[in-house]
Amino acid sequence: MLCAYFDNKDVRIADLTDKDLIGIREFIKGGYRTKSNTTLSQNASSSYFNKVRITLNQAHDENIIKNNIVKKVKSISPADTTREFLVAEEIKKLVETECKYPIIKNAFLFSVYTGLRFSDIIKLKWKDIKYSEGNYSITYQQQKTSKLSKLYQYQKQL
């Protein structure tokens, strides 16, 4: 993306100014085109620009650049989002629906019932799943945040 902004010219990070950073921000917000020739969403723009800001902050901390230009340039605010959830009837329909690839269906339902992201499920190993006294637990490192997490599934006592 930065190569596109600078038209593939060699640019030293130490030579960047706050005006360059403003230009990068505006390019990310509306000028950058994805492989599918679309602009970035508000949240993708915010995320991309934050990565540039983090890099420049680190460059300043490591004395690669003299002035911390990031302080002078406002970030891109992410848009408010709403999360959609499946209701019980929809989940029941999914359970009852035939699927050409049962392993895909089972992985999806596992995600629905545990709340785990696909990126976390594909990294799970059998050793991550524990069973004790009628209850299951899953210990895993989140792909998105790198945090170690533990998920508990308690069985109802009749």
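Treat the numbers as computed from the prediction; the structure is a model and nothing was measured. (Residues numbered from 1 in each chain as written. Predicted model: local features only at pLDDT ≥ 70, side-chain atom pairs only at ≥ 80, totals over all residues. Heavy atoms only, no water.)

A. Highlighting the nonpolar core. Among the nonpolar cores identified, the biggest contains 17 residues, and Leu-21, Ile-24, Ile-28, Phe-49, Val-52 and Leu-56 are the most heavily contacted of them. Mapped by element, the contributors of at least two residues to this core are α2 (18-31) and α3 (42-61). Among residues more than four places away in sequence, those in contact with Ile-28 are Met-1, Leu-40, Ser-45, Tyr-48, Phe-49, Val-52 and Ile-76. Counting five residues, the second largest nonpolar core, distinct from the first, contains Leu-116, Ile-121, Leu-124 and Tyr-140. (Core = buried A, V, L, I, M, F, W, Y, C linked by side-chain atoms within 4.5 Å. Buried < 20%, exposed > 50% of the residue type's maximum accessible area, 1.4 Å probe, protein only. Helix = DSSP H or I, 4+ residues; strand = E, 2+ residues; numbered from the N terminus. Contact = heavy atoms within 4.5 Å.)

B. Main features of the sheet that holds strand β2 (residues 135-141). The antiparallel open sheet is built from three strands, whose spatial order is β1-β2-β3. Each of the sheet's edge strands pairs with one partner strand only, and the pair in question is β1 (129-132) and β3 (148-153). The average angle at which neighbouring strand axes cross in this sheet is 20°, direction not considered. (Pairing = 2+ DSSP bridges. Axes fitted to C-alpha atoms, helices over the stretch in contact; angles between N-to-C directions.)

C. Geometry of the pattern of salt bridges. Under the counting rule described, the total for this entry stands at five salt bridges. One salt bridge in this structure joins Asp-120 and Arg-117, with 3.6 Å as the shortest N-O distance. Taking relative accessible area as the criterion, Asp-120 reaches 3% and is therefore assigned buried. Each of Arg-25, Glu-26 and Lys-29 takes part in one network of salt bridges that share partners. (Salt bridge = Lys/Arg side-chain N within 4 Å of Asp/Glu carboxyl O.)

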